[in-house]
Amino acid sequence: YHVCLWVLVIALPVCANLLHGDRPADSGLRLDNLLSSGRQVLIATLLMGVLVAVVGLAAPGRQPVDWRKIAQDAAPIFAFAVVQQYAMQAFVLRRLRQSGVAAPLAVAITVACFGFMHMPNPVLTGVTMAAAIVWCTLFVRRPNLIALGASHCLLTLLVRSLWPRAWHLGLAIGPKVIERAQEFGWW
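Asker: Just checking my understanding: could you explain the environment of L105 for this structure?
Answerer: Take L105: it is sitting in helix α4 (residues 103-117). For the pair L105 and L93, spaced 12 residues apart in the sequence, the C-alpha separation amounts to 9.7 Å.

Asker: Mind showing me how you'd approach the packing of helix α2 (residues 34-58) against helix α6 (residues 145-162) here?
Answerer: Each pair of packed helices gets described by two things: the angle between the helix axes and the distance between those axes. Relative to each other, α2 and α6 sit at 10 degrees, their axes nearing to 9 Å. Here α2 is positioned roughly parallel relative to α6, judged by the angle of their axes. Contacts from L34, S37, G38, V41, T45, M48, G49, V52, A53, G56 and L57 of α2 reach α6 at I146, A147, L148, S151, L154, L155, L158, V159 and L162. Class assignment for the residues of the contact of α2 with α6 results in 14 nonpolar, six polar and no charged.

Asker: Whenever I open this one, the packing of helix α3 (residues 67-98) against α6 confuses me. Can you help?
Answerer: Running from N to C, α3 and α6 point in directions that differ by 130 degrees, and their axes come no closer than 7 Å. Relative to α6, the element α3 lies oblique. Handedness of the α3/α6 crossing: right-handed. Each of K69, I70, D73, A74, I77, F78, A81, V82, Q84, Q85, Y86 and Q89 in α3 lies in contact with α6, whose residues at this interface are L145, I146, L148, G149, A150, H152, C153, T156, L157, R160 and S161.

Asker: I'm lost on α3 in this one. Help?
Answerer: Side chains of residues three or four places apart in an α-helix project in the same direction, reflecting 3.6 residues per turn. At A74, α3 shows its largest kink, close to 45 degrees, and the proline P76 lies no more than four residues downstream. Downstream of α3 by a residue or two, G100 has a phi angle that is positive, lying close to 100 degrees.

Asker: Please explain the environment of L154 as it appears in this structure.
Answerer: Considering the arrangement of structural elements, one finds L154 in helix α6. Placed 123 residues apart in sequence, L154 and L31 show a C-alpha to C-alpha distance of 20 Å.

Asker: I'm lost on the pattern of salt bridges in this one. Help?
Answerer: Here the idea is simple: oppositely charged side chains can pair when their charged atoms come close. Inspection of every chain in the model, using the stated rule, returns seven salt bridges. The partner of D73 in a salt bridge is K69, with the nearest N and O atoms 2.8 Å apart. Highlighted residues: D73 and K69, both in helix α3, separated by four residues, approximately one helical turn. Classification of D73 as buried rests on a relative accessible area of 11%. Residues E179 and K176 are paired through a salt bridge, measuring 3.0 Å at the closest nitrogen-oxygen approach.

Asker: Would you mind showing me how to read the side chain of S161 here?
Answerer: Of note, S161 is situated in helix α6. Exposure remark for S161: the relative accessible area of 14% places this residue in the buried category. Other than its neighbours up to four places away in sequence, S161 contacts Q63, V65 and I70.

Asker: It is not clear to me how the nonpolar core should be interpreted in this structure. Could you clarify?
Answerer: Nonpolar side chains in soluble globular proteins tend to be buried together. Counting 23 residues, the largest nonpolar core has M88, L93, W135, C136 and L148 as the members making the most contacts within it. When contributions to this core are tallied by element, the ones reaching two or more residues are α2, α3, α4, α5 (122-141) and α6. Looking at this core, the element that brings in the most residues is α5, giving six residues. Leave out the neighbours within four places in its chain, and C136 touches M88, Q89, L93, V107, T110 and V111.

Asker: Would you mind showing me how to read the side chain of T45 here?
Answerer: Here T45 is to be found in helix α2. A polar contact is formed between the side chain of T45 and the side chain of S151, at a distance of 2.7 Å. If we skip the residues at most four places from it in the chain, T45 touches S151, L154 and L155.

Thresholds applied
- Residues numbered from 1 in each chain as written.
- Predicted model: local features only at pLDDT ≥ 70, side-chain atom pairs only at ≥ 80, totals over all residues.
- Heavy atoms only, no water.
- Helix = DSSP H or I, 4+ residues; strand = E, 2+ residues; numbered from the N terminus.
- Axes fitted to C-alpha atoms, helices over the stretch in contact; angles between N-to-C directions.
- Parallel < 35°, antiparallel > 145°, perpendicular 65-115°, else oblique.
- Contact = heavy atoms within 4.5 Å.
- Nonpolar A, V, L, I, M, F, W, Y, C, P; charged D, E, K, R; others polar.
- Left-handed = near helix turned anticlockwise from the far one by under 90°.
- Bend = angle between axes of the 7 residues up to and from the residue.
- Salt bridge = Lys/Arg side-chain N within 4 Å of Asp/Glu carboxyl O.
- Buried < 20%, exposed > 50% of the residue type's maximum accessible area, 1.4 Å probe, protein only.
- Core = buried A, V, L, I, M, F, W, Y, C linked by side-chain atoms within 4.5 Å.
- Polar contact = N/O pair within 3.5 Å; in protein donor to acceptor, adjacent residues only side chain to side chain.

Pasting the structure below:
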């Protein structure tokens, strides 16, 4: 399962981009627009983050925030968030746009693909699809994977830290969801 995930998320997009002759900047790996992209991403992230925080802080059964764990996990989560953004934006969204698909439809297809990658976790699938709408729209305007990766990382840390673990099943995807669902008494 993990091998398939890594092939889909990393190997396939990188190979396709190399075959198409994409430069890193074409894929959103760039610094020249980091500030302009970052401003837009920051505003969107703050709005989404406030929503996540309000829901989490109002949730029954919430655990205390473990700041040490957040600090410890921030770098690996950021790295994996950039990888996921690369697969979503630089591969799926860009290829759809290059094939002539209009931006709104390309965003919708990309969001569906991203949601599918987080199945069968219903909460995580829904949350990631909602965030992906924003991220894809921002990437179409100003492609920058660093800013989007930071947004993805921050929101992941907020959901994981503020929402009850039973809601998001520890961010599990794939076969692990069934084990975690049983652990948390979903059935």
